[in-house]
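# Examination of the molecular architecture
Here are the chains, one letter per residue:
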Amino acid sequence: MSFVSYRFESGCARITLTDGDRGNPVHSDMVEELFAAVRRASADSARVIVLSAQGRFFSVGGDLAAFASAADMSNYIDDLADSLHRVVSELVRADAVVVSVVQGPAAGAGFPLAAAADIIIAAQTATFSLGYTKVGLNVDGGTSLLVHSLGLHRSLRLALLNDAISANEALATGLVARVAPDGDLDRVAEKIVDQVLAGPAGGQAATKQLLRATADAAPESALRREALAIRTTAGDPDAREGVGAFLAKRRPEFAR
Ligand SMILES: CC(C)(COP(=O)(O)OP(=O)(O)OC[C@H]1O[C@@H](n2cnc3c(N)ncnc32)[C@H](O)[C@@H]1OP(=O)(O)O)[C@@H](O)C(=O)NCCC(=O)NCCSC(=O)/C=C1/CC=CC=CO1
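Quick caveat: nothing in here was measured; it's all calculated off a predicted structure.

## Here's the deal with the environment of Cys12
- Structurally, the position occupied by Cys12 is in strand E2 (residues 12-17).
- Each C-alpha atom of the pair Cys12 and Asp194 lies 9.5 Å from the other, and the pair is 182 residues apart in sequence.
- Other than its neighbours up to four places away in sequence, Cys12 contacts Arg7, Val48, Val50 and Val193.

Pasting the structure below:
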């Protein structure tokens, strides 16, 4: 694997995004590796899955350079959204308790990826932002998770104005379970892992499924709506303008 690493030990599967020098951008090869790693964790009957990332960013989200260089950007984004949805579904459906460990920005698709976890731990440097509408796309991969975790109006603010929320704001909303100084993040994550491993596997798995079903945050129907929407927005000239403008470090000029 080039973009994701997998390690399994004592009931805990550790999945790490390893393209830290590039900010762990989300592209088709990365998502395929991520999906394979999550499937492997289930095959290993992991009790806990820890999803973390190397480098200064958890993830900058969709790889805008890959979008711009794709032969057909719209098709590329459609396929990528489908692949990412499979990862999100696998994480929310896993019997394992999923813990994400976020340092630095979780932007664009990096945000729903981190938020698909059951327990989110953030460094003080963590920020959460969506970015999709900034590049002419619709939010994807987690509208159901966002509304459940942040509430409707905060989700609308983040999605439409592209504000970022800090680790402490995310803690106050309940999205994040713990905030730790960057140097203490791993210790805090290990404490959570030990706490889960000391609990009853069957009771925890059933409880996770029940809570997610009650919250309707096993988000398949929302993911289906998102996939349909991105099929349209990714083909809109505004998406090409938004992606091109980000890469050229200029303000986008969307059609009015
Ligand atoms: C908030 C940021 C993530 C970080 O800001 P900052 O710390 O100031 O760092 P920057 O200087 O802006 O960025 C560092 C370098 O990384 C490059 N970069 C940043 N984001 C991306 C990206 N998404 N793709 C490719 N490259 C990226 C940036 O150009 C810098 O490069 P240089 O050093 O060479 O100049 C901030 O960077 C930011 O807001 N980034 C954009 C976030 C974003 O809009 N992400 C995409 C959203 S759309 C999306 O995720 C959509 C999908 C679609 C469906 C399925 C799956 C995936 O994605």
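The structure having been displayed, the exposition proceeds.
## Digging into the site of the ligand
- The immediate surroundings of the ligand are formed by 24 residues, with Val60, Gly62, Leu64, Ala109 and Lys249 found nearest.
- The side chain of Arg56 places a nitrogen or oxygen atom 3.5 Å from an oxygen atom of the ligand.
- In isolation the ligand offers 1000 Å² of accessible surface; the protein chains occlude 71% of this area.
- If you map the ligand onto the pockets, it falls in the largest pocket.
- At the level of elements, helix H2 (64-69) and helix H3 (73-93) are the ones that each hand at least two residues to the shell around the ligand.
- Counting residues per element, the shell around the ligand draws most heavily on H3, which supplies 3 residues.
- Of the residues contributing to the shell around the ligand, the split by class is 15 nonpolar, 4 polar and 5 charged.

## Quick word on the layout of surface pockets
- Considering only enclosed or pocket space, the largest pocket measures out at about 580 Å³ in volume.
- Along its surface, the largest pocket is lined by 31 residues, and Val60, Gly61, Gly62, Leu64 and Gly108 are the ones closest to its centre.
- Looking at the lining of the largest pocket, the elements with two or more residues in it are H2, H3 and helix H11 (237-247).
- A per-element tally of the lining of the largest pocket places H3 first, with 4 residues.
- Looking at side-chain class alone, the lining of the largest pocket contains 21 nonpolar, 6 polar and 4 charged residues.
- Of the voids in this model, the second largest pocket is the one considered here, and its volume is about 490 Å³.

## Things to note about the pairing of strand E3 (residues 48-53)
- E3 sits mainly inside the fold: 6 of its 6 residues count as buried.
- Residues Val48, Val50 and Ser52 of E3 are buried on one face, and the alternating residues Ile49, Leu51 and Ala53, pointing to the opposite face, are buried as well.
- In the sheet, E2 pairs with E3 via 6 bridges, with the strands oriented parallel. Bridge pairing links Ile15 to Leu51 in E3.

## Quick notes on the sheet that holds strand E7 (residues 127-128)
- Ordered in space as E5-E7-E8, the 3 strands form an open sheet in which the pairing is mixed. In this open sheet, the two edge strands, each paired with only one partner strand, are strand E5 (105-106) and strand E8 (165-166).
- Relative to E7, E5 is paired through 2 bridges, and the arrangement is parallel. Bridge pairing in E7 links Pro105 to Thr127.

About the criteria used
- Residues numbered from 1 in each chain as written.
- Predicted model: local features only at pLDDT ≥ 70, side-chain atom pairs only at ≥ 80, totals over all residues.
- Heavy atoms only, no water.
- Helix = DSSP H or I, 4+ residues; strand = E, 2+ residues; numbered from the N terminus.
- Contact = heavy atoms within 4.5 Å.
- Near = heavy atom within 4 Å.
- Polar contact = N/O pair within 3.5 Å; in protein donor to acceptor, adjacent residues only side chain to side chain.
- Areas by Shrake-Rupley, 256 points an atom, 1.4 Å probe, with all protein chains shown as cover.
- 1 Å grid on protein atoms, 1.4 Å probe; cavity = no way out; pocket = protein on both sides within 12 Å on 5 of 7 lines; lining within 4 Å.
- Sits in = over half its atoms within 2 Å of the grid points.
- Nonpolar A, V, L, I, M, F, W, Y, C, P; charged D, E, K, R; others polar.
- Points joined across faces, edges and corners; volume = space filled by probe spheres on them.
- Buried < 20%, exposed > 50% of the residue type's maximum accessible area, 1.4 Å probe, protein only.
- Pairing = 2+ DSSP bridges.

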